[in-house]
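Chain and residue survey
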Amino acid sequence: MLTIKAKIIIAYMLVFGMLLCVFAYLIYESSRRAEIAKMDTRLESHADKLKTEIEEQSDEKRFPQAGEFGDIVTDGLPGVLFEVRDSVGEAVLKDSLLSTKPITFVTPTLMPRKKLSRINMNGERYRVLATPVEVDDRYLYSLLVAAPMTEAARNLTHLRLLFLISIPSALVLASIAAYLITHSAFRPIATMVATARQISASNLDQRLLVPAANDEIRQLAETLNGMIERIDSAFSAQKQFIADASHELRTPLTIIYSELEFAKRRVDDEETNESLQNSLSEIDRLARMSESLLLLARLDSSASLMTFSPVRLDELLLECVQLVNKIAEQKGIQIKVHVDEAVEIQGDSERLKGALLNLLDNAVKYSQVGGEVGASLSILTSPSRVAQIIVADNGPGISPGDLPHVFERFYRASSNRGESSGSGLGLAIAQRIISLHDGSLVVGSKLGKGTVFTLTLPVS
Ligand SMILES: Nc1ncnc2c1ncn2[C@@H]1O[C@H](COP(=O)(O)OP(=O)(O)O)[C@@H](O)[C@H]1O
Ligand SMILES: [Mg+2]
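Every chain's residues receive numbers from 1 upward, in the order its sequence appears when written. To read the labels, note that chains go from A and ligands from 1, taken in the order they are written. The predicted nature of this model means local features are confined to residues of pLDDT at least 70 and side-chain atom pairs, given and counted, to a pLDDT of 80 or more, with totals for whole chains, interfaces and linings taken over all residues. The side-chain quantities take in all heavy atoms of the structure and omit both hydrogens and water.

In terms of domain boundaries, the protein breaks down into domain 1 (4-155), domain 2 (216-301) and domain 3 (308-458). Segmentation of the chain into domains, including their bounds, is taken from an automatic or database domain assignment. When each unit is reduced to the centre of its C-alpha atoms, the spacing between domain 1 and domain 3 is 102 Å.

Below is the structure:
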C-alpha cells in the first residue's frame, strides 16, 4: 500500500521530471538551430568571396572551362571545401583538398536559387551551400561550398552531456527536498496516530496534540478531539447510569429478600418452601451481580475509589485461601499454598482481596470433585521487582475459543453458562483492580489439563 506521502512525492517527481525534459528539449532544439544558422551565415559570406573571384576570372578568360581556371585563394574558414560546376554539372574547378571525390549534391545542374543541405563525406558530416554564379547576367556555373559540422556537433554533444548529468541530479535533489517537506508536513499526523492508538475506553480523558499552524491538520486534530470528547461524555453517562441503576436496585432487593425469608419461615408446605428457597438464591445472585456492577462502574469512573496503604501480600493470600477452603473441602479439593517470603506492597487490601478471592473461587468452583488447586507467592527481580501470585488448578481448562474473552464483562465459557452461581463479572473486576495497581493479570489454559492465572504487582 502506498502512503499519501509516497504518492505526493511520486506525482511531484513525475511532473517535475516531465517539465525538465520539455525545457531541455526546447533549449537543445533552439541551440541546434542557432548553431546551424551561425554556420550558414559563415558559409554564405565565404561563398560570396569565392563568387567574386570566379566572376572576375570568367570576365578575364571569357567563361573558362575545366582546367582553365587559375588558383583561387581561400582564406577565412578552416576546413571549408568548394567546387565549381558548369551548366551540365561537370566540375570545372575543385578544391585541392577534394582531390578525387566530388561533393555529392542532389541537384548537379544549374539552379536559379541557392540551396542548403547536409551530406556525409569521408565519414564526416558537412553542411553544403549550393549557389548559382552569375556572369554577364547569365547563370554559367554553380558553386558548392561545404564546411564540416564538427564544431556544431561538439557543442551540441556538450549540451546533451550537460542535460544528461544535470537532469538526474536535479531529480535526486528535488526528491530529497520533496521527502523532507512532506515528512515535516506529515509529522503532526504521525503524532496524532500514535496518541489516538493509545486512547481506549479506560483513558478517554487523553486528547490529541493540536498543532500551532492553522491548517488542515489542525482542523483534523480539533475535529477528532471533539469526537473523543463526545465519546467520553457518552461513556461517562453510560457508566453513571449503570452505577445509579445498580445502586437503586439495592434497597428493593434487600426488602424482597427479607420478605421472602420471613414467608419461608412461616410455610410448612415442602414444595412452596423449596420454591421460596430457589427464589431466595436467585435474588441473592441478583444482589451480588448488582453489587459487582456498581463496583465495576465505580472503578471505571475513578481510581480515587481505592485507598492505598501497605499490604502484606503473603498474609492476604493465606486469608483468602482460608475463606475459600470451606467450599473446597466440601468438594474434596485440596488447596496447596506456597509462599516464598513475606511481601509488602502499596495497595488497596479490600480490593486486592476481592480479586484474589475470585481467582481462588473460580479455581475451586470450576474444578471437579477431588481436584487440586495451587496458590503461590514469589518475588521476581528482573526486569523490575514484582510480586507474582499464581493460582493454578487441574480442572477442565478453558477452550482456546473462550480463552481470549474470559476478562470481558459478563463473559462465561459456554460450558459454564448452566452454572447458577456467578455472573461473568469477577475476572473483569479483578483485572481492573490489578491494572489500577499498575499490575497485570494473565491467563493460560489447556483444555482437560487445567488453568493458570498469573498476577503480578509492582513492589515499591
Ligand atoms: N479456573 C477456571 N477454570 C475454568 N474456567 C474458568 C476458570 N476461571 C474462569 N473461568 C471461566 O471464565 C469465566 C469468567 O470468570 P468470572 O469472570 O470469574 O465469572 P464467573 O466466575 O462469575 O462465571 C467463567 O465463567 C469460566 O467460564
Ligand atoms: Mg468468578
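Back to the text.
Glancing now at the site of ligand 1. Each residue is tested against the molecule or strand, and it is near if at least one of its non-hydrogen atoms lies within 4 Å. In the vicinity of ligand 1, 20 residues are found, and the nearest of them are Tyr366, Asp393, Asn416, Ser423 and Leu427. Contact distances for ligand 1 include 2.9 Å between an oxygen atom and a backbone N or O atom of Gly424. Identification of polar contacts relies on pairs of N or O atoms within 3.5 Å, with a donor-acceptor requirement for protein atoms, meaning one able to donate a hydrogen and the other able to accept it, and with residues adjacent in sequence counted only if both atoms are side-chain atoms. Contacts to ligand 1 include Leu427, whose backbone N or O atom sits 2.7 Å from an oxygen atom. If ligand 1 stood free it would expose 530 Å²; the protein chains cover 98% of that surface. Among the secondary structure elements, those contributing two or more residues to the shell around ligand 1 are helix 6 (349-366), helix 7 (426-436) and strand 12 (450-458). Ranked by residue count, the leading element in the shell around ligand 1 is helix 6, at five residues. Residues are grouped as follows: nonpolar covers Ala, Val, Leu, Ile, Met, Phe, Trp, Tyr, Cys and Pro; charged covers Asp, Glu, Lys and Arg; every other residue, Gly included, is treated as polar. A per-class count over the shell around ligand 1 returns nine nonpolar, eight polar and three charged. Note on areas: Shrake-Rupley with a 1.4 Å probe; residue coverage comes only from the protein chains shown. Helix numbers and strand numbers start at the N terminus; a helix is a DSSP run of H or I with at least 4 residues, a strand a run of E with at least 2.

A few words now on the pairing of strand 4 (residues 124-135). When a strand is regular, its side chains alternate between the sheet's two faces. In terms of burial, strand 4 is a largely internal element, nine of the twelve residues being buried. Here, a strand pair is defined by DSSP locating no fewer than two bridges between the strands. Here strand 3 (residues 115-121) folds back onto strand 4 in antiparallel fashion, the turn holding two residues, of which Asn122 has a positive phi close to 45°. Pairing analysis gives ten bridges linking strand 4 to strand 5 (residues 138-148), with the strands arranged antiparallel. What sits directly across from Val133, in strand 5, is Tyr141. In sequence, strand 4 turns back onto strand 5 through a hairpin of two residues, with Asp136 there showing a positive phi of about 50°. Exposure is judged per residue with a 1.4 Å probe applied to protein chains only, and the accessible area is read against the type maximum: over 50% gives exposed, under 20% gives buried, and values in between give partly exposed.

Approximately 270 Å³ is the volume attributed to the second largest pocket. Considering the residues around the second largest pocket, the lining is formed by 13 residues, among which Phe235, Gln238, Lys239, Asp300 and Arg409 are closest to the centre. Looking at the lining of the second largest pocket, the elements that each hand over two or more residues are helix 3 (216-266) and helix 4 (270-301). Split into classes, the residues belonging to the lining of the second largest pocket amount to seven nonpolar, two polar and four charged. In terms of domain composition, the lining of the second largest pocket takes at least three residues from each of domain 2 (216-301) and domain 3 (308-458). Of the grid points, spaced at 1 Å and generated over the protein atoms alone, those admitting a 1.4 Å probe that cannot get out make up cavities, while open sets with protein on both sides within 12 Å along at least five of seven lines make up pockets; any residue with an atom within 4 Å of a point is treated as lining. Grid points are joined across faces, edges and corners, and a volume is the space filled by probe spheres set on the points.

Note on ring pairs: Phe, Tyr and Trp rings are taken, using the six-membered ring of Trp, and paired if centres are within 6.5 Å. Classes follow the plane angle, with under 30 degrees stacked, over 60 edge-to-face and the rest tilted. Taken as a whole and assessed by the stated rule, the structure comprises two aromatic pairs. With centroids separated by 5.9 Å and ring planes inclined at 10°, the aromatic side chains of Tyr12 and Phe16 adopt a geometry described as stacked. With Tyr12 and Phe16 both in helix 1 (residues 4-61), this residue pair falls four residues apart, about one helical turn. Residues Phe407 and Phe453 carry aromatic rings whose centres are separated by 6.2 Å and whose planes lie at 85° to one another, so their mutual orientation is edge-to-face. Taken together, the residues span a long stretch of sequence, with Phe407 in the loop between strand 10 (386-393) and helix 7 and Phe453 in strand 12 at a distance of 46 residues. A relative accessible area of 16% places Phe407 in the buried class.

Strands sit in the order 7-9-10-12-11 across an open sheet of five strands; the sheet is mixed. The open sheet has two edge strands with one neighbour each: strand 7 (334-339) and strand 11 (440-446). Across this sheet, the average inter-strand angle for adjacent strands is 15°, counted without regard to direction. Relative to strand 10, strand 9 (residues 372-380) runs antiparallel, the two being bridged by eight bridges. Across the sheet, the residue bridging to Ile379 is Ala387, located in strand 10. For this analysis, residues touch if any pair of their heavy atoms sits within 4.5 Å. Lines fitted to the C-alpha atoms define the axes, with helices restricted to the stretch that makes contact. Angles between their N-to-C directions range from 0 to 180 degrees. Each of strand 7, strand 9, strand 10, strand 11 and strand 12 touches helix 6; the most contacted strand, strand 10, lies at about 25° to it.

Attention now moves to the coordination of the magnesium ion (ligand 2). Distances define the donors: N, O and S atoms within 2.8 Å of the metal qualify, as do those within 3.2 Å of Na, K or Ca. Water is excluded, so some sites may look unfinished. Coordination of the magnesium ion (ligand 2) by the protein comes from Asn358 (OD1) and Asn362 (OD1), over a distance range of 2.3 Å. With Asn358 and Asn362 both in helix 6, this residue pair falls four residues apart, about one helical turn. We classify Asn362 as buried; its relative accessible area is 11%.

The next subject is the sheet that holds strand 3. Sheet strands line up and pair through hydrogen bonds in the backbone, either parallel or antiparallel. Here five strands make up an open sheet; going across it, the order is 2-1-5-4-3 and the pairing antiparallel. Each having just a single partner strand, strand 2 (91-94) and strand 3 make up the two edges of the open sheet. On average, adjacent strands in this sheet sit at an angle of 25° to one another, irrespective of strand direction. Pairing of strand 1 (residues 81-85) with strand 2, which is carried by three bridges, proceeds in the antiparallel orientation.

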